[in-house]
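Take a look at the letters that make up each chain.
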Amino acid sequence: MAKFNVTFFVDSKEKGHKISMLTAYDYTTAKLIDQAGVDSILVGDSLGMVMLGYENTLSVTLDDMIHHTKAVVRGTENAFVVLDMPFMTYHTTVEDAIRNAGIAIQESGAQAVKLEGGFHVKDKIKGIIDAQIPVLGHLGLTPQSVNAFGGFKVQGKDEGVAKKIIEEAKLLEELGVFAIVLEAIPEKLAKIISESLTIPTIGIGAGRYTDGQVLVIQDMLGMYPDFTPKFVKKYAELGIQIKEAVIKYNEEINTGVFPEEKHGFKIDDDVLEKLY
Ligand code: KIV
């Protein structure tokens, strides 16, 4: 199968194909996701929380993102890879935003970048798109604004914020983003937005009517111990399985059960004699 490119997103919406996206931050996981046939991999700045143990995504740097995205790109043959631009890499000037997005694409090998926000970053999004770098938008609960929102809260439940998100979605489409992530907004608001755009929406905690879905891989595999959002479906309990396996390994080391003879390497007797 050929590697997906940016045209896949609008084509999918036209054909009614629901787009699948998962996050990944390393070579091994990316390879498994790619081989499973997922359409797109997002190297999310959620890596700050699930890989690096920060409280939120604000401490993630462009170097962190490039480092992890390079590993994901090496593990990916078909999926479309998107790099999440971290906090403060596109918030100062348009020039900085274009330069940072350019470095991200050149050094990581990702095919697109994701930026959070609407009105307040419109010039930066336009500049990056004009530089021929595909942009994935992100509206609703945008985690880089966690302090401005006063916590990780569902967005768009009241008329004012709901209307703002609808207008921002239309603005992003006009600016030329190829798709928009809608995070933690009411299902019926996501439906209105999805039906009013020609580009696809990709939901996370945005209900059933978006044009695709994305989840954080650690959440859907049951691996992240700190918190599981209500919108996550756990497709496995790998956290429990990993812990059980490690407990067993620990016990077998302590009791001498592992390693067995079959796990070792042999040496010829004539060589061995010369070692005593
Ligand atoms: O960083 C991330 O993983 C994301 C997704 C949750 C959409 O932005």
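Computed from a prediction, not measured in an experiment: that's the story for all the values here. Positions within a chain are numbered from 1, following the residues in the order the chain's sequence is written. The model is predicted, so local features are restricted to residues of pLDDT at least 70 and side-chain atom pairs to those at 80 or more, both for listing and for counting; the totals for chains, interfaces and linings are taken over all residues. Heavy atoms throughout the structure, all of them, feed into the side-chain values; hydrogens and water do not.

S.K.: Describe the overall build of the chain, with residues and values.
M.R.: Here a helix means four or more residues in a row that DSSP labels H or I, a strand means two or more in a row labelled E, and each is numbered from the N terminus. Looking only at helices and strands, the chain features 12 helices and 8 strands. Expressed along its principal axes, the backbone C-alpha trace of the chain runs to roughly 80 × 40 × 35 Å. Only protein chains enter the accessibility calculation, which uses a 1.4 Å probe. A residue is then buried if its area is under 20% of the maximum for its type, exposed if over 50%, and partly exposed in between. Here the chain holds 276 residues, and the buried ones make up 47% of them. Partitioning the intrachain contacts of the chain with sequence separation of at least 6 by distance along the chain shows that 58% fall at a separation of at least 24. Shrake-Rupley sampling with a 1.4 Å probe provides the accessible areas, and residues are treated as covered by the protein chains on show and by no other component. For the chain, the accessible surface area stands at approximately 14800 Å², while carbon and sulfur atoms represent 55% of it. Residues scored as charged are limited to Lys and Arg (positive) and Asp and Glu (negative), so that His and the chain ends carry no count. Note that the charge is assigned to NZ on lysines, CZ on arginines, CG on aspartates and CD on glutamates. Charge-centre separation for the chain: the mean point of 28 positive side chains lies 6 Å from the mean point of 39 negative side chains. We call two residues contacting when some pair of their heavy atoms lies within 4.5 Å.

S.K.: Quick one: what's the story with a negative patch on the surface, residue by residue and with numbers?
M.R.: Side chains of D268, D269, D270 and E273 sit close together on the surface and give a patch of like negative charge. With respect to the secondary-structure elements, D268 resides in the loop between helix 11 (238-255) and helix 12 (269-273). Using a relative accessible area of 55% as the deciding quantity, one classes D268 as exposed. Grouping into patches uses exposed residues only, defined as over 30% relative accessible area, and leaves out salt-bridged ones; the cut-off is 9 Å for like charges and 5 Å for nonpolar side chains (Val, Leu, Ile, Met, Phe, Trp, Tyr). The salt bridge criterion pairs a side-chain nitrogen of Lys or Arg with a carboxyl oxygen of Asp or Glu, the two atoms within 4 Å.

S.K.: Before we move on, can you summarise the packing of helix 6 (residues 122-130) against helix 8 (residues 159-175) with the specific residues and values?
M.R.: In a packed pair of helices, the relevant descriptors are the angle between the two axes and the axis-to-axis distance. Axis angles are defined between N-to-C directions and span 0 to 180 degrees, where every axis is a line fitted to C-alpha atoms and, for a helix, only to the segment in contact. Running from N to C, helix 6 and helix 8 cross one another at 25 degrees; their axes reach a closest spacing of 10 Å. Accordingly, the angle class assigned to the pair helix 6 and helix 8 is roughly parallel. As helix 6 runs across helix 8, the sense of the crossing is right-handed. Across the interface between the two elements, K122, I125, K126 and I129 of helix 6 pack against L171, L172 and L175 of helix 8. Residue classes follow a fixed rule: Ala, Val, Leu, Ile, Met, Phe, Trp, Tyr, Cys and Pro count as nonpolar, while Asp, Glu, Lys and Arg count as charged, and any other residue, Gly among them, counts as polar. Per-class residue counts for the contact of helix 6 with helix 8 are 5 nonpolar, no polar and 2 charged. Oblique is the label for every angle not falling under 35 degrees (roughly parallel), over 145 degrees (roughly antiparallel), or within 65 to 115 degrees (roughly perpendicular). Helix crossings get a hand from a simple test, with the near helix turned counterclockwise from the far one by less than a right angle marking a left-handed crossing and a clockwise turn marking a right-handed one.

S.K.: Just give me the short version of the pairing of strand 6 (residues 179-183), but keep the residues and values in it.
M.R.: Where burial is concerned, most of strand 6 is hidden: 5 out of the 5 residues are buried. Across 5 bridges, strand 5 (residues 135-140) lies against strand 6 in parallel orientation. Bridge pairing links L136 to A179 in strand 6. Throughout, right-handed denotes a crossover for which the path from the first strand over the helix to the second runs clockwise when the strands point away from the viewer. For the segment spanning strand 6, helix 9 (residues 187-196) and strand 7 (residues 201-204), crossover handedness is right-handed. Between any two strands, at least two bridges found by DSSP are needed for them to pair.

S.K.: Talk me through unusual backbone geometry; I want residue IDs and the actual numbers.
M.R.: For the peptide bond that leads from F258 to P259, omega is 0 degrees, which places it in the cis range. Along the chain, P259 turns up in the loop between helix 11 and helix 12. Positioned with a positive phi, Q132 is a non-glycine residue whose angle comes to about 70 degrees. Structurally, Q132 can be placed in the loop between helix 6 and strand 5. Judged by relative accessible area, Q132 falls into the exposed class, the value being 68%.

S.K.: Any details on the nonpolar core? Residues and values, ideally.
M.R.: The biggest cluster of nonpolar side chains holds 74 residues, and the ones touching the most others in it are F9, M85, I125, I180 and I193. Per-element accounting of this core gives the leading share, 7 residues, to helix 8. Definition of nonpolar core: a set of buried residues of the types Ala, Val, Leu, Ile, Met, Phe, Trp, Tyr and Cys, connected through side-chain atoms within 4.5 Å.

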